[in-house]
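Listed below, chain by chain, are the residues.
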Amino acid sequence: MKSMAWIAAGLFVVSAPAAAVEKFALKSADIAPNSKIAEKHVFKGFGCEGGNVSPVLEWNGAPAGTKSFAVTVYDPDAPTGSGWWHWVVFNIPATATKLEQGAGDAGGTKLPAGAMQSRTDFGGPGYGGPCPPKGPSLKKPHRYIFTVFALKVDKLDLDSDASGALVGYMLNANSLGRASFTGLYGR
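This structure is a prediction, so every number in the text was calculated from the model and none was measured. (Residues numbered from 1 in each chain as written. Predicted model: local features only at pLDDT ≥ 70, side-chain atom pairs only at ≥ 80, totals over all residues. Heavy atoms only, no water.)

Engineer: Would you mind showing me how to read the overall build of the chain here?
Structural biologist: Helix and strand counts for the chain stand at two helices and ten strands. Counting from the amino terminus, helix and strand elements in the chain follow one another as α-β-β-β-β-β-β-β-β-β-α-β. Out of the 187 residues belonging to the chain, those deemed buried represent 40%. A sequence separation of at least 24 residues applies to 73% of the contacts in the chain between residues at least 6 apart. (Helix = DSSP H or I, 4+ residues; strand = E, 2+ residues; numbered from the N terminus. Buried < 20%, exposed > 50% of the residue type's maximum accessible area, 1.4 Å probe, protein only. Contact = heavy atoms within 4.5 Å.)

What follows is the structure, encoded as structure tokens:
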């Protein structure tokens, strides 16, 4: 009789559902996925008159073993042949789960300690909001892909002059996972 009880207990343990693993996710209280980006976050310059304030970004469910994070904003629709890097931030501590609104100012004063911004396609570090060209053939809004990378290294050995492409290479080489959402903007 005792052996039957042990068998039943063993079957219960085997059949019990495993604890749910939280999916790595990125969200913003400022930008809903696949919706228009507000003027507050649009670039000021190149004919655009936005506020150029980086949106709040929050993430959760990072993969086990994450040692740091990086955040990028990329426009694959820019008429350059290679897209456009709007924001590149790396060496964000593994304890961080959020970048506050305005964290992308050129000085990086609102970034977590140790985080570094590098050169965007606007020519310097810091957030540069959407500002696609206008014209009759460019009526379709551009896509702005906000991505957080979970990295297997404490830091990337890069400086503030590193290009978006170089940082992207290092992110892909050291990524444990990524989470993204897309915002839209057109003129």
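Engineer: Is there a simple way to think about the state of the cysteines in this case?
Structural biologist: In protein chemistry, a disulfide is the covalent bond that joins the sulfur atoms of two cysteines. Taken as a whole and assessed by the stated rule, the structure comprises one disulfide. A disulfide bridge connects Cys48 with Cys131, and the sulfur atoms are separated by 2.1 Å. What sets the handedness of the Cys48 and Cys131 disulfide is the S-S torsion sign, and at about 95 degrees it is right-handed. Here Cys48, found in strand S3 (residues 48-49), pairs with Cys131, found in the loop between strand S8 (116-117) and strand S9 (142-151); they are 83 residues apart in sequence, far enough to count as distant. (Disulfide = S-S within 2.5 Å.)

Engineer: Help me understand the packing of aromatic side chains, please; the structure alone is not making it clear to me.
Structural biologist: Here the distance between the centres and the angle between the planes together describe a pair of aromatic rings. This model, assessed by the stated rule, comprises nine aromatic pairs. Considering the side-chain rings of Phe43 and Phe122, the 4.0 Å spacing of their centres and the 10 degrees angle between planes classify their relative orientation as stacked. Taken together, the positions of Phe43 in the loop between strand S1 (25-27) and strand S2 (44-45) and Phe122 in the loop between S8 and S9 put the pair 79 residues apart, joining distant regions of the chain. For the pair Phe146 and Phe181, a centre-to-centre distance of 5.0 Å together with 5 degrees between the ring planes defines the contact as stacked. Taken together, the residues Phe146 in strand S9 and Phe181 in strand S10 (residues 175-185) connect sequence positions 35 residues apart. For the residue pair Phe146 and Phe181, the accessibility class agrees, reading buried in each case. One aromatic cluster is present, built from ring pairs that chain together Phe43, Phe46, Trp84 and Phe122. (Phe/Tyr/Trp six-rings, centres within 6.5 Å; stacked < 30°, edge-to-face > 60°.)

Engineer: Quick question: what am I supposed to make of the sheet that holds S9 here?
Structural biologist: Taking strand neighbours across the sheet as the criterion, the five strands line up as S8-S6-S5-S9-S10 in an open arrangement whose pairing is antiparallel. Both edges of this open sheet fall to S8 and S10, since each of them pairs with a single strand only. Those strands touched by helix H2 (residues 164-174) are strand S5 (68-75), strand S6 (84-93), S9 and S10, and its axis lies near 135 degrees from that of S10. (Pairing = 2+ DSSP bridges. Axes fitted to C-alpha atoms, helices over the stretch in contact; angles between N-to-C directions.)

Engineer: Looking at this structure, I do not really get the sheet that holds strand S4 (residues 57-60). What am I missing?
Structural biologist: Sheet architecture is open: three strands sit in the order S1-S4-S7, paired in antiparallel fashion. What marks the edges here is a single partner per strand, and that holds for S1 and strand S7 (98-99). As defined by bridge partners, S1 adjoins S4 across three bridges and the pair is classed as antiparallel. Residue pairing for S4: Leu26 is matched across the bridge by Trp59.

Engineer: Just to check I follow, could you spell out unusual backbone geometry for this structure?
Structural biologist: Among all residues save glycine, negative phi is the norm, and among peptide bonds the norm is trans. The residue Asn34 is not glycine, and still its phi comes out positive at about 60 degrees. As for its position among the elements, Asn34 is in the loop between S1 and S2. The residue Asn52 is not glycine, and still its phi comes out positive at about 55 degrees.

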